[in-house]
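Remarks on the overall topology
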Amino acid sequence: MQHGAAQAQQLTALYEFPGGDGGQGPSGIPVVGPGGVLYGAAGGGTAGVVWSLTPPTAPGGTWSEQIIYNFTGAHGTPIDPNTGLVMDANGVLYGTTPHGGGALCREGCGTVYAVTPPATAGGAWTESVLLEFGTVDTEGEGRKPCCLVVGPDGVLYGLTTDERPQPRHGMLFSLAPPTAPGGQWTYTMLHKFTGENGDGSHPNGLIWANGALYGTTDKGGAYGEGASSGGTVFQMTPPAAAGGAWTEIVLYSFPVPLTGEVSGPLGGLVVLENGTVFGTAAEGAGTSCTDCGAVFELSPPASPGETWSEAALYSFTGANGDGRSPAGVVFRNGALYGTTFYGGAADGGTVFELQPPTVSGGTWTETVLYEFTDIQEGIVPNGLAPAPNGAFYLSTSQGGPETGSEGYGGVFKFTP
């Protein structure tokens, strides 16, 4: 583990959330839209907000924040957005909430919502609820959706992390846009995770890559069904003909925790064109801090049907300024970059880099590029979004100079 230099010059605060109606505790990774405008969801307001952050017109100017939608908290509407947003080709933003929607859960079973930009500049954004979970008393219906991605033809894919009433293993679903303006979106349950016979349980991440869906579950797999199971990385391939069944392949099952190996994969996968998968996990390998997390690599087999291979690229230690609890990775110029929620000099989180070995079979090299050390600056970074010129955007869910015992978080630009 190495440390970067001159870290104070690498992080630029773009905006500090004021709390209340101005938003607080931004969720997930910022979305970069047309013109370099950043978008995200946060707490605050009546029941949460969607915000935008517009870059200055001249270098060195001030970024301008706007609350583009304030959730009302009315019956059946979204409440408390707690994940990042995704954007389609038309600039429409989509997100999920774990609460609100159907009343069959005490606080609502969750929603999928859209926020549509105005037809003319300066107009109001329009919010619409695409799906309410918990409106039909169906055994095993999903609740607490998360992890939206936009697939081909504008179809949304997502996960539910829970079900009602039992069992509670989660499911994969799709939402297809209406065929005519003003029509209803079409919900389809694509796969119900069972936690049995090698299947995963409790999905927590999803991406679209190479014509398929890839995701993670933090439980289940080939090594058990209960809380001691190690989780999976799975691939879901669409049917060859419309209306057919999706095909799930469990690419890799992680061993049970506390075995000295990587276990408990998290969201935030990277899938390369050659099929190589990178990701992060809650349990590291061979360190004194097994629950500090790790970065892993999955390599596809040489021949179809053979076993995928897993390698632990780096296990975090949480000591001597190193991070712990990684929040996903991004791939750029042959290297991996990411953040950890905690760790660093003051346990406020880190930004790290993993460089590949210079010779085949060598060791990846981790460098801590930045340590969040002061709550007045910002702590608990949520992950990285690629920005121009080799930089990244990120948000922190806590910290900042505004009033409040722990601050309300901010948005930053980080330049390695």
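Treat the numbers as computed from the prediction; the structure is a model and nothing was measured.

Reading the values: the criteria
Residues numbered from 1 in each chain as written. Predicted model: local features only at pLDDT ≥ 70, side-chain atom pairs only at ≥ 80, totals over all residues. Heavy atoms only, no water. Helix = DSSP H or I, 4+ residues; strand = E, 2+ residues; numbered from the N terminus. Rg over C-alpha atoms; globule rule 2.2 N^0.38 Å. Buried < 20%, exposed > 50% of the residue type's maximum accessible area, 1.4 Å probe, protein only. Phe/Tyr/Trp six-rings, centres within 6.5 Å; stacked < 30°, edge-to-face > 60°. Pairing = 2+ DSSP bridges. Core = buried A, V, L, I, M, F, W, Y, C linked by side-chain atoms within 4.5 Å. Disulfide = S-S within 2.5 Å. Salt bridge = Lys/Arg side-chain N within 4 Å of Asp/Glu carboxyl O. Axes fitted to C-alpha atoms, helices over the stretch in contact; angles between N-to-C directions. pLDDT = per-residue confidence, 0-100.

Looking now at the overall build of the protein chain. Within the protein chain, the secondary structure is distributed over zero helices and 33 strands. Whereas a compact globule of 416 residues would reach a radius of gyration of roughly 22 Å, the protein chain reaches 21 Å, a difference of no more than 12%. C-alpha extents for the protein chain along the principal axes are approximately 55 × 55 × 35 Å. Residues counted as buried form 52% of the 416 residues belonging to the protein chain.

Let's shift gears to the packing of aromatic side chains. Applying the stated rule across the entire model yields 24 aromatic pairs. Plain terms: the ring middles of tyrosine 337 and phenylalanine 392 are 5.2 Å apart, the flat faces sit at 45° to each other, and that makes the pair tilted. Note that tyrosine 337 is positioned in strand β27 (residues 335-343) and phenylalanine 392 in strand β32 (residues 392-398), a separation of 55 residues in sequence. A single burial state applies to tyrosine 337 and to phenylalanine 392, both of which are buried. An angle of 75° between the planes, with centres 6.5 Å apart, marks the rings of phenylalanine 372 and phenylalanine 412 as edge-to-face. In this pair, phenylalanine 372 is assigned in the loop between β29 (365-371) and β30 (379-381) and phenylalanine 412 in strand β33 (residues 410-414), connecting sequence segments 40 residues apart. Judged on exposure class, the residue phenylalanine 372 and its partner phenylalanine 412 are both buried. An aromatic cluster is built from Tyr370, Phe372, Phe412 and Phe414, whose rings are joined through pairwise contacts.

With antiparallel pairing, the four strands of this open sheet are ordered in space as β8-β9-β11-β12. The open sheet has two free edges, formed respectively by β8 (86-87) and β12 (126-132), since each of these has just one partner strand. Alignment of β8 against strand β9 (residues 93-97), held across two bridges, turns out to be antiparallel. Pairing of methionine 87 across the sheet is with leucine 93, part of β9.

We now examine unusual backbone geometry. With phi around 55°, asparagine 333 is a residue other than glycine that occupies positive phi space. By secondary structure assignment, the location of asparagine 333 is in the loop between β26 (323-332) and β27. In this structure asparagine 333 comes out as exposed when scored by relative accessible area, which is 79%. Positive phi values are uncommon outside glycine, yet asparagine 389 reaches one of about 60°. By secondary structure assignment, the location of asparagine 389 is in the loop between β31 (385-386) and β32.

Quick look at the nonpolar core now. With 17 residues, the main nonpolar core has Tyr214, Val233, Leu269, Phe296 and Leu298 as its most contacted residues. Those elements that place two or more of their residues in this core are β17 (200-209), β18 (212-220), β20 (247-253), β23 (277-283) and β24 (294-299). When residues in this core are grouped by element, the largest group, three residues, is from β24.

In total, this model carries three disulfides according to the counting rule given. Put simply, cysteine 105 and cysteine 109 are joined by a disulfide, and their sulfur atoms are 1.9 Å apart. Between cysteine 105 and cysteine 109 the disulfide shows an S-S torsion of about 90°. By sign, it is right-handed. In terms of burial, cysteine 105 and cysteine 109 fall into one category: buried.

Turning our attention to the pattern of salt bridges. Overall, the coordinates contain one salt bridge when judged by the stated rule. Across the pair aspartate 347 and arginine 324 runs a salt bridge, and its minimum N-O distance is 2.6 Å. With a gap of 23 residues between them, aspartate 347 in the loop between β27 and β28 (350-355) and arginine 324 in strand β26 connect regions that are remote in the sequence. Look at aspartate 347 and you get partly exposed, because its relative accessible area is 35%.

Across the sheet, four strands lie side by side as β17-β18-β19-β20; this open sheet has antiparallel pairing. Sheet topology places β17 and β20 at the edges, where each strand pairs with a single neighbour. Going across the sheet, the axis of each strand differs from the next one's by a mean of 25°, ignoring polarity. Two elements, β17 and β18, share eight bridges in a ladder whose sense is antiparallel. Bridge pairing in β18 places serine 201 opposite lysine 219.

With that settled, consider the environment of proline 34. Position of proline 34 relative to the elements: it lies in the loop between β3 (24-32) and β4 (38-43). A relative accessible area of 60% places proline 34 in the exposed class. When the C-alpha atoms of proline 34 and valine 329 are compared, they prove to be 23 Å apart, with 295 residues separating the residues in sequence.

This paragraph deals with the confidence of the model for the protein chain. Confidence in the prediction for the protein chain averages 90 pLDDT; 93% of positions are at 70 or higher. Looking across the protein chain, the model is least confident in strand β1 (residues 2-3), with a mean pLDDT of 72, and most confident in β8, with 98.

Taking burial as the measure, the six residues of strand β5 (residues 49-54) include five buried ones, the bulk of the element. One ladder, built from five bridges, connects β4 with β5; its direction is antiparallel. Counted as the bridge partner of alanine 41 is valine 50 from β5. Note that β5 and strand β6 (residues 64-70) share six bridges and pair antiparallel. Counterpart to leucine 53 in the pairing with β6 is glutamate 65.

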